[in-house]
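Inside the fold
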Amino acid sequence: MTTLVIADGAVPEVTSRLIEDDRVAAVTLTGSNRAGAAVGSAAGRAAKKSVLELGGSDAFVVLDDADVEAAAAAAVKARFTNSGQSCVCAKRFIIAASVVDAFTAAFVAGVEALRVGDPRERDTQVGPLARNDLRAAIQRQVEKSVAAGARLLTGGKPLPRDGYFYQPTVLADTGPGIAAFDEETFGPLAAITVARDDEDAVRLANATAYGLGLSIWTSNPGRGVALAHRITSGAAFVNAIVASDPRLPFGGTKRSGYGRELAAAGIREFTNTRTYWVTA
């Protein structure tokens, strides 16, 4: 078996060469914005189709008529799946002012009950981060957010054990201008923001460079759908956690990428419409 080793500085050059090869008709990438920029620009230079599924900072919106306990329980799962290392994890929790105290209490209790440990063990719910730089990024975002006025409700520190573990962490009093709200948080860090009303919830949900998924919680599904129409995202879920399903198109908007994976739309991304005109 031959192993190909590529120096970091040579990655863009190798990417370009691969995409320019005549045997490559199109390219798709699921990854970081940095990688997406390299692949998308190389595909553009080669005049080849590309689909990019990149980062996300999904909003989890809880309206004033929602079942708060159910929403909080779902929020714990939505944020800490895979230790928060997923583009479609909920990251920004935008909560109506009238229910924020009840939601926060239930959410923090659920987060503090999570079992952190070896991912090979059945009862583990939160494992380590993939790399040390990811853990360092989460620590930087926590420290920067607290310095800017966010309140640390739980967690906020690396865990002293083998592997890149970080405490499941919740910040309150976040919003635009706070790192945990403005940046993609790729790890076990949740940012809670208060919305004055539905109009404010829309403003806050849209206050991001990303646009992948959206989750809205309400006792009135029609109200949830109407609100979702006003928020830019590739997918909107009402009273459910954002997830990909092979039966449905999946992809993002804004810095979350372009094009669609899965379902018929995903197949069509990599087909060409051909016209036949036959005269007898």
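See the structure shown above.
Throughout what follows, the structure given in this document is the object of discussion. Here the structure is a predicted model, which means the values were calculated and not measured. (Residues numbered from 1 in each chain as written. Predicted model: local features only at pLDDT ≥ 70, side-chain atom pairs only at ≥ 80, totals over all residues. Heavy atoms only, no water.)

A closer look at the overall build of the protein
Heads up, the rule is: Only DSSP runs of H or I reaching four residues or more are called helices, and only runs of E reaching two or more are called strands; each is numbered from the N terminus. Atoms counted for the radius of gyration: C-alpha only. Globule rule: 2.2 Å times residue count to the power 0.38. Throughout, a contact is declared for two residues whenever any of their heavy atoms are within 4.5 Å.
Helix and strand counts for the protein come out as nine helices and twelve strands. Computed over the C-alpha atoms, the radius of gyration of the protein is 21 Å, within 12% of the 19 Å expected from 2.2 N^0.38 for a compact globule of 280 residues. Viewed in the frame of its principal axes, the protein has a C-alpha envelope of about 70 × 50 × 35 Å. Pairs at least 24 residues apart make up 62% of the contacts formed inside the protein by residues separated by at least 6 positions.

Regarding the state of the cysteines
Such a bond, covalent and formed between the sulfur atoms of two cysteines, is termed a disulfide. Stated formally: Note that a disulfide, as used here, is simply two cysteine sulfur atoms within 2.5 Å. Whether a residue is buried, partly exposed or exposed follows from its accessible area with a 1.4 Å probe, protein chains only, as a fraction of its type maximum: under 20%, in between, or over 50%, in that order.
Scanning the model with the defined rule gives zero disulfides in all. The closest cysteine sulfur to the non-disulfide-bonded Cys-87 is located on Cys-89, 8.2 Å from its own sulfur. On the basis of relative accessible area, Cys-87 is assigned to the buried category, the value being 16%.

Describing the packing of helix H3 (residues 68–80) against helix H4 (residues 100–112)
The cut-off we apply is this: Orientation is described by lines fitted to C-alpha atoms, with helices fitted over the stretch in contact, and by angles between N-to-C directions that extend from 0 to 180 degrees. Note on angle classes: values under 35 degrees are labelled roughly parallel, values over 145 roughly antiparallel, values of 65 to 115 roughly perpendicular, and the remainder oblique. Here a crossing is called left-handed whenever its near helix is offset anticlockwise from the far helix by less than a right angle, and right-handed whenever the offset is clockwise.
Between H3 and H4, the least distance of the axes is 9 Å, while the angle of their chain directions is 45°. One element, H3, and the other, H4, form an angle in the oblique class. The two elements H3 and H4 cross, and the hand of that crossing is right-handed. Taken together, the residues of H4 that come into contact with H3 (itself represented by Val-68, Glu-69, Ala-71, Ala-72, Ala-75, Val-76 and Phe-80) are Ala-102, Phe-103, Ala-106, Phe-107, Gly-110 and Val-111.

Digging into the pattern of salt bridges
Definition in use: Just to be clear on terms, a salt bridge is a Lys or Arg side-chain nitrogen sitting within 4 Å of an Asp or Glu carboxyl oxygen.
Scanning all chains against the criterion turns up 15 salt bridges. Its salt-bridge partner being Glu-183, residue Arg-140 comes within 2.8 Å of it at the nearest N-O pair. Placement of Arg-140 in helix H5 (residues 132–147) and of Glu-183 in the loop between helix H6 (179–182) and strand S7 (189–195) is noted, with a sequence separation of 43 residues between them. Notably, a salt bridge pairs Glu-183 with Lys-144, separated by 3.8 Å at the nearest N-O pair. In this pair, Glu-183 sits in the loop between H6 and S7 while Lys-144 sits in helix H5, placing the two residues 39 residues apart along the sequence. Members of the salt-bridge network, linked through shared partners, are Asp-64, Asp-65, Asp-198 and Arg-223.

Focus: the sheet that holds strand S4 (residues 90–96)
Inclusion rule: A pair of strands is labelled paired if DSSP reports no fewer than 2 bridges between them.
Read across the open sheet, the seven strands follow the order S5-S6-S7-S4-S3-S9-S10; overall the sheet is mixed. Both edges of this open sheet fall to strand S5 (151–154) and strand S10 (235–238), since each of them pairs with a single strand only. For this sheet, the mean inter-axis angle between neighbouring strands, taken without regard to orientation, is 25°. Summarising the sheet, S4 and S7 pair through five bridges and their orientation is parallel. When the sheet's bridge partners are listed, Ile-94 is paired in S7 with Thr-193.

Describing the packing of aromatic side chains
Inclusion rule: Each aromatic pair joins two rings of Phe, Tyr and Trp (for Trp, the six-membered one) with centres within 6.5 Å, and gets the label stacked for planes under 30 degrees apart, edge-to-face for over 60, and tilted for any other angle. Ring-over charges, as used throughout, are those where CZ of Arg or NZ of Lys falls within 6 Å of the ring centre and within 35 degrees of the ring normal.
Per the counting criterion, the structure on display carries four aromatic pairs. A centroid spacing of 5.4 Å and a plane angle of 25° characterise the contact between Phe-60 and Trp-217, whose relative ring orientation is stacked. Residue Phe-60 is found in strand S3 (residues 58–62), and its partner Trp-217 is found in strand S9 (residues 213–217); the two are separated by 157 residues along the sequence. Accessibility assignment for this pair places Phe-60 and Trp-217 in one class, buried. Aromatic pair Phe-93 and Phe-107: ring centres 5.0 Å apart, planes at 40°, arrangement tilted. Placement of Phe-93 in strand S4 and of Phe-107 in helix H4 is noted, with a sequence separation of 14 residues between them. Through pairs of rings, three or more aromatic residues link up here, namely Phe-60, Phe-93, Phe-103, Phe-107 and Trp-217. Seen from the ring of Phe-181, Arg-92 lies directly overhead, with NZ or CZ sitting 4.8 Å from the centre. Over the ring of Phe-165 we find Arg-161; its NZ or CZ atom is 5.1 Å from the centre of that ring.

Concerning H5
Rules: By this rule, a helix spans an expected 1.5 Å times one less than how many residues it contains. By arc we mean the arc of the directions from the helix axis to the C-beta atoms, nothing more.
The end-to-end C-alpha separation of H5 is 23 Å, in line with the 22 Å expected for 16 residues at 1.5 Å each. Along H5, the residues classified as buried are Leu-134, Arg-135, Ile-138, Gln-139, Gln-141, Val-142 and Ser-145. The buried residues of H5 occupy one face: seen down the axis, they fall within an arc of 160°. Residues of H5 that are buried sit in contact with strand S6 (169–172), H6 and S7.

Re the pairing of S6
Burial along S6 is two-sided: the face carrying Thr-169 and Leu-171 and the face carrying Val-170 and Ala-172 are both buried. Pairing geometry for S5 and S6, over three bridges, is antiparallel. Residue Leu-152 lies in a different strand from S6, and its bridge partner there is Leu-171. As paired elements, S6 and S7 share three bridges and run parallel to each other.

Interpretation in functional terms is not warranted from these geometric data alone.
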